[in-house]
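Structural overview for review
Each chain, letter by letter, is given below.
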Amino acid sequence: MKFKLMIGLLLASGTVLAQQVDRAKMERYYQIANGGNAERKDSLANALFAESKKYNSEDEYRTAINILRTLEKEDKQLALEKIATKKYPKGKITREAFVTNVFYKAEETTAKEKAYLELIKKWPVANFPGDELTYDYVLGSLATSFAKDGNAKKATYYLGEMKERFWRGNGYLPTGQALLAAGDTAAAAPIFRTAMDDAYYYISLPEEQKDNKARFASMGYASSMSAYVNILVGQGKYREALEYIDKALVAAPEQADGLAKVHAKTLLGVNRKLEAYNILSRLYAKGQFETEPELKKLYGDLNGTLAGYEQYNATLKEELVKNIREHIKGNEVFKKAPDFELLNLKGDKVSLASLKGKVVVLDFWATWCQPCVRSFPGMKAAQELYAHDKDVQFVFVNTWERDKNYKENVAKFIDKNQYPFEVIFDDQKDPETGKVLAGKLGINGIPSKFILDKDGNIRYMLTGSTPNVDYIKLEMRELIESAKKEKKG
């Protein structure tokens, strides 16, 4: 008995040790993939491909494929995927390839539905416990496609097939918005209500029970709440709408800004003008200048005259500019920008050297990046602000595109939206490091913006964005004017 116990302990210790070794090896691999030079990356890619001959599980293939993807070794990645799909025809790798190459590339709703039915037949959800979210993504896309076609019945049916409750707070929104855009308020309302209620469930959990899923679910609360309450307001149900908002502000006070517009509209519906005025003043002071007509009217209603309004308006704008200046201080840096020479939409070369003598705004983006796209009207307005300033140049650096025909897609996107942007393609790897420009700058997420002074020094770095056109204009103006001022390192 003692002998068997000792053998068991030794085996257990060996397993733990093996796991630790594997984990350390994977960490080393990812360090090379994310920060190694070109030679080390090539060496790792070759080693991974050679090592794959010994793989005994699909997970080993998946890990190697992910590392090769990070290494941007597409030829070896695709070759390994081909081997894995042949070896595991009913596994995750084959399923993911089908979802990417068949379902998501289907343009017509009927083709999407056909692909979905084939997916659940060949790779049933029950065969992949714990992986329900993959199917929920597909269901959400399919439901939204039906909603855009005006088929509310099928859109609602496929939403109902979703398994992950935490995802519904976000996953239902595109379908509800598509139905709303089509004018089908009756079908959209219960969808927003479900999304809102599910998000509220996670928000109201005790703090110790809030995991990553709960935190993600709560992110959709303001959007679903705003959409549902807007429907109630449109129906004149102001008091019911106000009950929902008051409940929301107690459960999630951090959502106040996201609910502010509909909150003001609801307060006006019950004739609580002063409270609505205070909310609109706060929004205006944050750069949402589209609120001005209602704000001005309320000012006159509450004061009995518009005397003093212009001074009040100017004070709000001064407060906003002051806040922006405080905000950009946290993004201030001073370091030399890496050299680059990249091609624009016309095939002409654009280099850092050719931009010397100008303040340059580098905006890193991709066609699939929704925050990037939502910021473009604001960036267009900011560029127009400096249209006659020869000392300022905006450059939109397209990076991290996923499709092989990305250049064609980018050109179509720019042309369709009539953006007068100088676009360059970040697709040239440094021969020494193997990194594109985004990698050299240490970018981890897009949109990312860099403001360069006339000597090619980076003065500001910003990540993320806002769809608020007026705020972007003011922020860009402050950043550019600050970069114009001489600064010594």
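Rules behind the numbers
- Residues numbered from 1 in each chain as written.
- Predicted model: local features only at pLDDT ≥ 70, side-chain atom pairs only at ≥ 80, totals over all residues.
- Heavy atoms only, no water.
- Domains from an automatic or database assignment.
- Helix = DSSP H or I, 4+ residues; strand = E, 2+ residues; numbered from the N terminus.
- Polar contact = N/O pair within 3.5 Å; in protein donor to acceptor, adjacent residues only side chain to side chain.
- Contact = heavy atoms within 4.5 Å.
- Phe/Tyr/Trp six-rings, centres within 6.5 Å; stacked < 30°, edge-to-face > 60°.
- Buried < 20%, exposed > 50% of the residue type's maximum accessible area, 1.4 Å probe, protein only.
- Lys NZ or Arg CZ within 6 Å of the ring centre and 35° of its normal.
- Core = buried A, V, L, I, M, F, W, Y, C linked by side-chain atoms within 4.5 Å.
- Salt bridge = Lys/Arg side-chain N within 4 Å of Asp/Glu carboxyl O.
- Axes fitted to C-alpha atoms, helices over the stretch in contact; angles between N-to-C directions.
- Parallel < 35°, antiparallel > 145°, perpendicular 65-115°, else oblique.
- Left-handed = near helix turned anticlockwise from the far one by under 90°.
- Nonpolar A, V, L, I, M, F, W, Y, C, P; charged D, E, K, R; others polar.
- Pairing = 2+ DSSP bridges.
- Expected span 1.5 Å × (residues − 1).

With respect to the domain arrangement of the chain
Domain annotation for the chain reports domain 1 (96-271) and domain 2 (332-484). Taken over C-alpha atoms, the centre of domain 1 sits 33 Å from the centre of domain 2.

With respect to the side chain of T109
Here T109 shows up in helix α6 (residues 109-122). Side-chain polar atoms of T109 contact the side chain of D149, separated by 2.5 Å. Ignoring sequence-local partners within four residues, the contact set of T109 consists of L142, S145, F146 and D149.

Things to note about the packing of aromatic side chains
One pass over the full model with this rule turns up 29 aromatic pairs. Relative to Y158, the ring of Y157 lies with its centre 5.0 Å away and its plane at 70°, an arrangement referred to as edge-to-face. Residue Y157 is classed as partly exposed on the basis of its relative accessible area, which comes to 47%. Relative to F450, the ring of F364 has its centre 5.8 Å away and its plane inclined at 75°; by these criteria the two rings are edge-to-face. One end of the pair, F364, is in strand β4 (residues 359-365); the other, F450, is in strand β7 (residues 448-452), with 86 residues separating them in the sequence. The same class applies to F364 and to F450, which are both buried. An aromatic cluster of at least three residues, connected via ring pairs, comprises W365, F376, F396, F413, Y419 and F421. It is R95 that lies over the ring of F128; its NZ or CZ is 4.6 Å from the centre.

Here's the deal with the nonpolar core
Of all hydrophobic cores here, the largest spans 73 residues; its most connected members are L362, F364, W365 and F394. When residues of this core are assigned to their parent elements, the largest contribution, seven residues, is made by helix α22 (residues 469-484). Composition of this core by domain shows at least three residues from each of domain 1 (96-271) and domain 2 (332-484). Ignoring anything within four residues of it in the chain, the contact list for L362 reads F340, V395, V397, S448, K449, F450 and L452. By size, the runner-up hydrophobic cluster in this structure holds 54 residues, among which are F192, Y221, V229 and A248.

A closer look at the pattern of salt bridges
Scanning the entire structure with this criterion turns up 30 salt bridges. A salt bridge links R62 to E96, with the nearest nitrogen and oxygen atoms 2.6 Å apart. Pair noted here: R62 is in helix α3 (residues 58-71) and E96 is in helix α5 (residues 92-103), with a separation of 34 residues, a long-range link. When its relative accessible area of 22% is taken as the criterion, R62 is described as partly exposed. A relative accessible area of 32% means that E96 is categorised as partly exposed.

Focus: the packing of helix α16 (residues 273-284) against helix α17 (residues 292-303)
Running from N to C, α16 and α17 cross one another at 140°; their axes reach a closest spacing of 10 Å. Judged on the interaxial angle alone, α17 and α16 are oblique. Handedness of the α16/α17 crossing: left-handed. Contact residues: K273, L274, A276, Y277, L280, S281 and Y284 in α16; E292, E294, L295, L298, Y299, D301 and L302 in α17. Counted by class, the contact of α16 with α17 contains nine nonpolar, one polar and four charged residues.

Section: the pairing of β7
Here is the key point about a regular strand: its side chains alternate between the two faces of the sheet. With respect to burial, β7 is a largely interior element, five of its five residues being buried. As paired elements, β4 and β7 share five bridges and run antiparallel to each other. If you follow V361 over to β7, its bridge partner there is I451. Adjacent in sequence and paired antiparallel, β7 and strand β8 (residues 457-463) are bridged by four residues, among which G456 carries a positive phi angle near 85°.

Observations concerning the environment of V360
The topology assignment puts V360 in strand β4. Overall, V360 belongs to the buried group, its relative accessible area being 2%. Counting along the chain gives 94 residues from V360 to K454, while the straight-line C-alpha distance between them is 7.6 Å.

A word on the environment of L452
Mapping L452 onto the fold places it in strand β7. For L452, a relative accessible area of 1% gives the class buried. Beyond its immediate stretch of four places on either side in the chain, L452 contacts A337, L352, K358, V359, V360, L362, N457, I458 and A483.

So, α17
For α17, which comprises twelve residues, the first-to-last C-alpha distance of 16 Å matches the rise-based estimate of 16 Å (1.5 Å per residue) to within 8%. Among all positions in α17, only L295, L298, Y299 and G300 are buried. Elements that come into contact with the buried residues of α17 comprise α15 (256-269), α16 and α18 (309-329). Positive backbone phi, at 75°, marks G304, one or two positions downstream of α17.

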